[in-house]
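What follows is each chain in one-letter form.
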Amino acid sequence: MTDDAAAYRRVPEEMINERKLELIEELFAEDYVEHAFEGAPEFPHTREGVRMFFEHLLSAFPDFRFEVVQQHQDGDMHIGWVRGTGTMKGDFMGMPASGQTATWDEVHFGRVVNGRIQEHWAVIDQLSMLRQLGFIPEPGGG
């Protein structure tokens, strides 16, 4: 694994699972750009926005964890397939705490240069998450 790939993997494994949000300054470039916050104007598209988002997520899902399913690298682009699991014990993104546990898949794309993440995009299976949390009914369920 390259140093850049190791840095990319540290986000789910250390920063999130071990709750080491202070790693943001080490792992994300100062001029970092977050592309995954479209539709979430409360979070700036910066590394400070990343901190704000994860503080919000971990407050709402205090037992949240990522499992790294696969990781791939192509030049400076890194792709990580992760599975998130957590119990919604607090309000999140305008939704009231449901008390339900959900597991969903996410695919993250990041450009990493000299061991620091420069840019990030994500595709998140929010439909599955919202169904499990009880906000969207299952098909055929009325």
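Throughout what follows, the structure given in this document is the object of discussion.

About the cut-offs
- Residues numbered from 1 in each chain as written.
- Predicted model: local features only at pLDDT ≥ 70, side-chain atom pairs only at ≥ 80, totals over all residues.
- Heavy atoms only, no water.
- Helix = DSSP H or I, 4+ residues; strand = E, 2+ residues; numbered from the N terminus.
- Buried < 20%, exposed > 50% of the residue type's maximum accessible area, 1.4 Å probe, protein only.
- Pairing = 2+ DSSP bridges.
- Axes fitted to C-alpha atoms, helices over the stretch in contact; angles between N-to-C directions.
- Contact = heavy atoms within 4.5 Å.
- Phe/Tyr/Trp six-rings, centres within 6.5 Å; stacked < 30°, edge-to-face > 60°.

What about unusual backbone geometry?
Item 1. Even without a glycine there, the phi angle at Arg-19 is positive, about 60°.
Item 2. With respect to the secondary-structure elements, Arg-19 resides in the loop between helix H1 (3-16) and helix H2 (24-27).
Item 3. The class of Arg-19 is partly exposed, set by a relative accessible area of 32%.
Item 4. Phi at Asn-114 takes a positive value of approximately 50°, unusual for a residue other than glycine.
Item 5. Summarising the element assignment, Asn-114 is placed in the loop between strand E4 (101-113) and strand E5 (116-124).

Details of the sheet that holds strand E3 (residues 77-87)
Item 1. Strands sit in the order E1-E5-E4-E3-E2 across an open sheet of five strands; the sheet is mixed. Two strands in the sheet have a free side with no partner beyond their single neighbour: strand E1 (28-34) and strand E2 (65-74). For this sheet the average axis-to-axis angle between neighbouring strands, irrespective of direction, equals 25°.
Item 2. Where E2 and E3 come together, nine bridges link them in antiparallel fashion. Bridged to His-72 within E3 is Ile-79.
Item 3. Packed on one face of the sheet, H1 meets E1, E2, E3, E4 and E5 and runs near 170° to E2.

Examining the packing of aromatic side chains
Item 1. Within this structure, the stated rule accounts for 10 aromatic pairs.
Item 2. Ring plane angle 90° and centroid distance 4.8 Å describe the contact between Phe-28 and Tyr-32, whose orientation is recorded as edge-to-face.
Item 3. With relative accessibility at 3%, the residue Tyr-32 sits in the buried group.
Item 4. A ring pair is formed by Phe-53 and Phe-92, whose centres lie 6.1 Å apart and whose planes are at 65°; its orientation type is edge-to-face. Placement of Phe-53 in helix H3 (residues 47-60) and of Phe-92 in the loop between E3 and E4 is noted, with a sequence separation of 39 residues between them.
Item 5. By relative accessible area, which is 18% here, Phe-53 ends up buried.
Item 6. Aromatic rings pair up to connect Phe-37, Phe-43, Phe-53, Phe-54, Phe-61, Phe-64, Phe-66, Phe-92 and Trp-104 into one cluster.

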